[in-house]
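# Summary of the model geometry
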Amino acid sequence: MTCEEIRNLLSPYADGELDLVRDLDIERHLAECPHCAAALEGLRALSARLSDPALYHQPPTALAPRLRAALGRPRFPWRRVAAAAAAAVLVAAALWGTVRGLSAPSAEDLLAREVVDSHVRSLMADHLLDFKSDDRHKVKPWFLGRVDVAPEVKDLTTERFPLIGGRLDYIDGRPAAALVYKRNDHVINVFVWRAPGPDRPPVFLERQGYHLAHWSDNERAFWVVSDLNEEELRQFVELLRR
Amino acid sequence: MAALLSGNKMLSASVQSSETSQTWEPRPLRDERVVRFEQAILPHLGAAYNLARWLTRSAHDADDVVQEAYLRAYQFFDGFHGGDGRAWLLRIVRNTCYTWLEKNRPRAPMAQFDEAKHSAGRPAPGPEAPLVAGEDRELLRRALAELPDEFREAIVLRELEGLSYKEIAAVTGAPIGTVMSRLARARERLQEGLAHRRPEGP
């Protein structure tokens, strides 16, 4: 092989990515050609410099916990709540199962996943609020003309569920109003979109560590999602529907 | 949850008191999918961030991209059938980077290696200025940052991440032959860039 042919193969040779036959050809050539040998040394020196740990960017320490939290790791003591939540989910599932048959994944499952994803995304991507206000008289009109539904906006500050604002979102293939409330450090997303149909009472679910509730009146669908525990979420839903 | 339910479907709807649901206590109510995901994919956060950081060339953007990529990875996790979690994740990170860059930095020209710019921006130090280790590293960092995307990703995946050509091909979607030639050319460019900017040896 000529020097030029060898030079073209030095990079994969240095990486150990050539077959044995070509490896041997190159070794033979290198033993006789100091120029190509020097070129190989140059490649090896470059590799050594690139292995400098200072060139490897380490993630900020806050990133892993943030990802883990967003993936639905519970942030509250489970032991007591788990039993109640599990029972409640079973009840809901049993009731739902008898109504819907046990086929999977149901439309509810798909929607629940979408709602959870949307909730997670709202927390992750710094896109929780399009409109920040604790004044329901400002939040409600903000949605006018932006979504085809009039969301119910309640002031639940005295019940310690302060309203913090609203956002436009997209659920189930249509625009939805997202109202954002808080309980301490927990964010609660309330999605409302236009869905004419029968009235349905609230159903409570747990998906990926989040608690959800959904119900509908004859023109709107409501979905609530949060990492709040089951009891607080039920309390919140009750207040919202009062 | 699906697994929890299917294993316990027999529990009747009357299970309501905490006494009867004692059996639930040792089992956390976490989706098994989340647990599997955390075990298979989360440990590769370092690799994900490093790649995103080199491709976006910004700490802030890398943060956003990695979060977005993990969200996508989680959504597509059902399509992960074991094997190399790192390469699987890096492919998603890479694609997320490019989509993200396209959306957030429309029409920003990819940095081509520009000799005139380099010599103008940084006059070559005279032979009396010895290159200390830190400076040397900084030159390399800049030379790498200025490589075109497809060369930069090849170098990062090979030299910093230690992936094989086959793995790089899987991450970038390019044939192995292309990976090979990109790496060779990227190395040439790095060497040229460094040679141009460092003082001649004594």
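Please read all numbers here as calculations on a predicted model, not as lab measurements. (Residues numbered from 1 in each chain as written. Chains lettered and ligands numbered in written order. Predicted model: local features only at pLDDT ≥ 70, side-chain atom pairs only at ≥ 80, totals over all residues.)

Our next topic: the overall build of chain A. For chain A, the count of helices and strands is 8 helices and 7 strands. Counting over 242 residues, chain A shows a buried share of 32%. The contacts in chain A between residues at least 6 apart in sequence include a share of 54% that link residues at least 24 apart. (Helix = DSSP H or I, 4+ residues; strand = E, 2+ residues; numbered from the N terminus. Buried ≥ 20, exposed ≤ 12 C-beta atoms within 10 Å, placed from the backbone. Contact = placed C-beta atoms within 7 Å.)

Remark on secondary structure: sheet strands pair via backbone hydrogen bonds, oriented parallel or antiparallel. Residues and elements named next belong to chain A. On the basis of which strands lie adjacent, the open sheet formed by 7 strands has the order S1-S2-S3-S4-S7-S6-S5 and antiparallel pairing. Every interior strand has two partners, whereas the edge strands, strand S1 (131-132) and strand S5 (200-207), have only one. Both strand S6 (residues 210-216) and strand S7 (residues 220-226) contribute to a ladder of 6 bridges, which runs antiparallel. When the bridges of S7 are listed, Ala 213 appears paired with Val 224. With respect to the sheet, helix H7 (residues 136-143) is in contact with S1, strand S2 (163-171) and strand S3 (174-183), its orientation differing from that of S2 by roughly 15°. (Pairing = 2+ DSSP bridges. Axes fitted to C-alpha atoms, helices over the stretch in contact; angles between N-to-C directions.)

For the rest of this paragraph, the subject is helix H3 (residues 45-56) of chain B. Along its 12 residues, H3 of chain B runs 16 Å from first to last C-alpha, staying within 8% of the 16 Å computed at 1.5 Å per residue. Where burial is concerned, most of H3 of chain B is hidden: 10 out of the 12 residues are buried. All of the buried residues in H3 of chain B are Ala 47, Ala 48, Tyr 49, Asn 50, Leu 51, Ala 52, Arg 53, Trp 54, Leu 55 and Thr 56 of chain B. Looking at the packing, one finds that the buried side of H3 of chain B touches helix H4 (63-70) of chain A together with helix H4 (59-75), helix H5 (85-104) and helix H8 (149-160) of chain B. In the segment just after H3 of chain B, Arg 57 of chain B is the residue with positive phi, at about 60°. (Expected span 1.5 Å × (residues − 1).)

Geometry of a packed helix pair, given as the angle between the helix axes and the separation of the axes. All names here are of chain A. For the pair helix H1 (residues 3-14) and helix H3 (residues 34-50), the least separation of the axes is 10 Å and the interaxial angle reads 25°. Comparing the axis directions of H1 and H3 gives the class roughly parallel. Relative to H3, H1 is oriented so that their crossing is right-handed. Touching Cys 3, Ile 6, Arg 7, Leu 10, Ser 11 and Ala 14 of H1 are His 35, Cys 36, Ala 39, Leu 40, Leu 43, Arg 44 and Ser 47, all from H3. (Parallel < 35°, antiparallel > 145°, perpendicular 65-115°, else oblique. Left-handed = near helix turned anticlockwise from the far one by under 90°.)

The next thing to look at is the pairing of S2 of chain A. Residues and elements named next belong to chain A. Pairing of S1 with S2 involves 2 bridges; the strand directions are antiparallel. When the sheet's bridge partners are listed, Phe 131 is paired in S2 with Gly 166. One ladder, built from 8 bridges, connects S2 with S3; its direction is antiparallel. What sits directly across from Asp 169, in S3, is Ala 176. Count of turn residues in the S2/S3 antiparallel hairpin: 2 residues, of which Asp 172 carries a positive phi of about 55°.

So, on to the nonpolar core. Core analysis: the largest hydrophobic core is formed by 83 residues, its most contacted members being Val 224 of chain A together with Ala 48, Ala 52 and Val 93 of chain B. When residues of this core are sorted by domain, at least three fall in each of domain 2 (63-103) and domain 3 (107-241) of chain A. Leaving out residues up to four positions away in the same chain, Ala 52 of chain B has contacts with Ala 62, Val 65, Val 66, Val 93 and Cys 97 of chain B. Among the nonpolar cores identified, the runner-up in size contains 6 residues, and Ile 6, Ala 14, Ile 26 and Cys 36 of chain A belong to it. (Core = buried A, V, L, I, M, F, W, Y, C linked by C-beta atoms within 7 Å. Domains from an automatic or database assignment.)

Glancing now at the environment of Leu 163 of chain B. All names here are of chain B. Of note, Leu 163 is situated in the loop between H8 and helix H9 (165-172). We classify Leu 163 as buried; it has 23 C-beta atoms within 10 Å. Separated by 77 residues in sequence, Leu 163 and Arg 86 place their C-alpha atoms 9.7 Å apart. Those residues in contact with Leu 163 that lie beyond four places of it in its chain are Ala 87, Leu 157, Arg 158, Ile 168 and Val 171.

This part covers unusual backbone geometry. A positive phi angle, close to 65°, is found at Arg 160 of chain A, a residue other than glycine. Checked against the element boundaries, Arg 160 of chain A lands in the loop between H7 and S2. One non-glycine residue with positive phi stands out, namely Arg 57 of chain B, at about 60°. As for its placement among the helices and strands, Arg 57 of chain B is situated in the loop between H3 and H4. Taking the C-beta count within 10 Å as the criterion, Arg 57 of chain B has 15 such neighbours and is therefore assigned partly exposed.

Moving on, we come to the environment of Ala 14 of chain A. All names here are of chain A. Positionally, Ala 14 belongs in helix H1. With 21 C-beta atoms counted inside 10 Å, the residue Ala 14 sits in the buried group. For the pair formed by Ala 14 and Leu 43, sequence separation is 29 residues and the distance between their alpha carbons is 7.5 Å. Setting aside residues up to four positions removed in sequence, Ala 14 forms contacts with Leu 40, Leu 43, Arg 44 and Ser 47.

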